Amino acid sequence: MSQKRASWASSLGVILAVAGSAVGLGNFLRFPGQLAQNGGGAFMIPYFIALLVIGLPISWLEWNIGRYAGAHGHGTAPGAFNILFRKPWAKYLSSVSMLAVLFISFYYIYLESVMLGYVYYSFTGLLPEMAANGQSAEFFEKYLSFEFKLFNIPAAAIFFLLTVSLNMFVLGKGVAGGIEKLAKVLMPILMFLGLILLVRVLTLPGMEKGLAFMWNPDFSALIQPKTWLAAAGQVFFTLSIGMGVIINYASYVKRDDDITLSALTANATNEFAEVILGGMIIIPATAAILGTAALTDVAHGGTFGLGFITMPAMLAQLPMAGFFSIVWFFLLFFAGITSTLSMYQPMISFFTEELKWDPKKSIMILSAIALLMGTYVALDSSLNTLDEIDFWGGNFFLLLFGTIEAVLFATHINSEKGWLELHKGGRINIPPIYRFVLKWVTPTVLVLILGGWIITEGPARFMMTYYAPEVRPSILKTRILLVSIAIGFNLLIAYAWKTHNHDDKLKITVEDSIHD
Ligand code: PFF
């Protein structure tokens, strides 16, 4: 490669950066929500199965693709797929991954800024005070509808601007100088904050009720396909797989550096944060303090109700409510920012490497996209727009790209060579059974899950009957916007390859190729 690519400064750094991407709102809000809605403890069975047959193999696959593509000057799924499959369609097909992460970023960054706002209002005491009066739902509503003002400007807008600026500032410092440094500081702090809350919750009187709800399985949930789909979806979301993010982060790993153990370690860290911290804070605490009846609301109120309404309401019942509220929202904010950085970095890589824009221009453009789209999401305080974007980005596209990836690799790549490539510099040997899993089990299971998911969840969503009739026009508008973005992005891919003649880069030596 003519131009030297950025790389991580240390192997601990890359593990923490990937763990930072994985550990996010998905662990602390989405996971307990999914668990409560899908059979309580019974959910853990499909969850662990999905982790073993989909999560881990796809992670290894993505680390492998990423490191390989990085060595050839590419850090995005389109760049990687182009060198791997050497067919023009491959890069367009893989745009699904970048669209998934782009769509997720539209709302995720806004939620992250809400966390920051909640940290602020925990400090000022307004949030704990309103929560103590049973008004945490009202607080949430007021925050979202811009009723709180700072210097006469809606507080939500100020925190949003701050959050976007902070993200872009860190990205501007580069992979090792920005993302890695921040992950090294924030990940230990995040774990520490999580442990503080965990200890607090586990020492609450009556918490057994909550643990019982969490771990007593309702096995009837297991015969519903929806439980299995939810488990697979959660595994994708939480491990940040199926969206080109791991491909991108792994592209900054040096060619002979370990990826087998790094992937495993990052995933193990994520699972600790998800199952132990995420799974044992909100639900047991709610059951202990607000009673098990409140859990039914939790199950129905979904992810946001949990984090923004139930949790402050619950914390308000404790001594030092303000302190715990600060700990909780800082935890969420830190979890959020290490994730959003990983959503933006693949785009920066696309802009700088495929379109050859300079890094400053790339960050400016990304900031404009983040601000515009975040505002678009924020303007609908009913959160329907967010929900719709999450459906496409955070559910459908992830699963779709994961399936495409697993099937293409099983059918087009020489698995012997791929396996050797994966183990270059590897500190552990992956159990050989995983070669079989990657070739047969993962793609088959994913095709089945994707199919099942389209059949069960698809119609109501595709036809919009999922939404009340009066919101359908605005959902349609959002859809038109998303489709335009998808088309626009694919045009950019076409333009990038046309103008920068990427095919020159296909001079990969035969020994170097993992192609059949
Ligand atoms: N894994 C993150 C979470 O669990 O919250 C979500 C996420 C991170 C999604 C990075 C997309 C992404 F690019």
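This text goes with the structure placed above it.
Residues numbered from 1 in each chain as written. Predicted model: local features only at pLDDT ≥ 70, side-chain atom pairs only at ≥ 80, totals over all residues. Heavy atoms only, no water.

Chemist: Provide a residue-level description of the overall build of the protein chain, including the pertinent values.
Modeler: Helix and strand content of the protein chain: 22 helices and two strands. Against the 2.2 N^0.38 benchmark of 24 Å for 516 residues, the protein chain shows a C-alpha radius of gyration of 22 Å, consistent with a compact globule. Relative to its 516 residues, the protein chain shows a buried fraction of 61%. A separation threshold of at least 6 residues defines the contact pool for the protein chain, and within that pool the share at least 24 residues apart is 84%. When the 32 basic and 32 acidic side-chain charges of the protein chain are each reduced to a single mean position, those positions are 7 Å apart. (Helix = DSSP H or I, 4+ residues; strand = E, 2+ residues; numbered from the N terminus. Rg over C-alpha atoms; globule rule 2.2 N^0.38 Å. Buried < 20%, exposed > 50% of the residue type's maximum accessible area, 1.4 Å probe, protein only. Contact = heavy atoms within 4.5 Å. Lys, Arg positive; Asp, Glu negative; His and termini not counted. Charge placed at Lys NZ, Arg CZ, Asp CG, Glu CD.)

Chemist: Describe the environment of R427, naming the residues involved and giving the relevant values.
Modeler: Position of R427 among the secondary structure elements: in the loop between α19 (415–423) and α20 (433–456). With 165 residues separating them along the chain, R427 and S262 place their C-alpha atoms 8.5 Å apart. Not counting chain neighbours up to four residues away, the residues in contact with R427 comprise S11, D258, T260 and L261. For R427, the side chain forms a polar contact with the side chain of S11, separated by 3.3 Å. (Polar contact = N/O pair within 3.5 Å; in protein donor to acceptor, adjacent residues only side chain to side chain.)

Chemist: Provide a residue-level description of the pattern of salt bridges, including the pertinent values.
Modeler: Taken as a whole, this structure holds eight salt bridges when the rule is applied. Here K184 ties to E180 by a salt bridge, and the two come within 3.6 Å at their closest N and O atoms. With K184 and E180 both in helix α10 (residues 175–202), this residue pair falls four residues apart, about one helical turn. Note that E416 and R435 form a salt bridge whose closest N and O atoms lie 3.1 Å from each other. Taken together, the positions of E416 in helix α19 and R435 in helix α20 put the pair 19 residues apart, joining distant regions of the chain. When its relative accessible area of 29% is taken as the criterion, R435 is described as partly exposed. Shared partners join several salt bridges into a network, and the residues in it are R255, E421 and K424. (Salt bridge = Lys/Arg side-chain N within 4 Å of Asp/Glu carboxyl O.)

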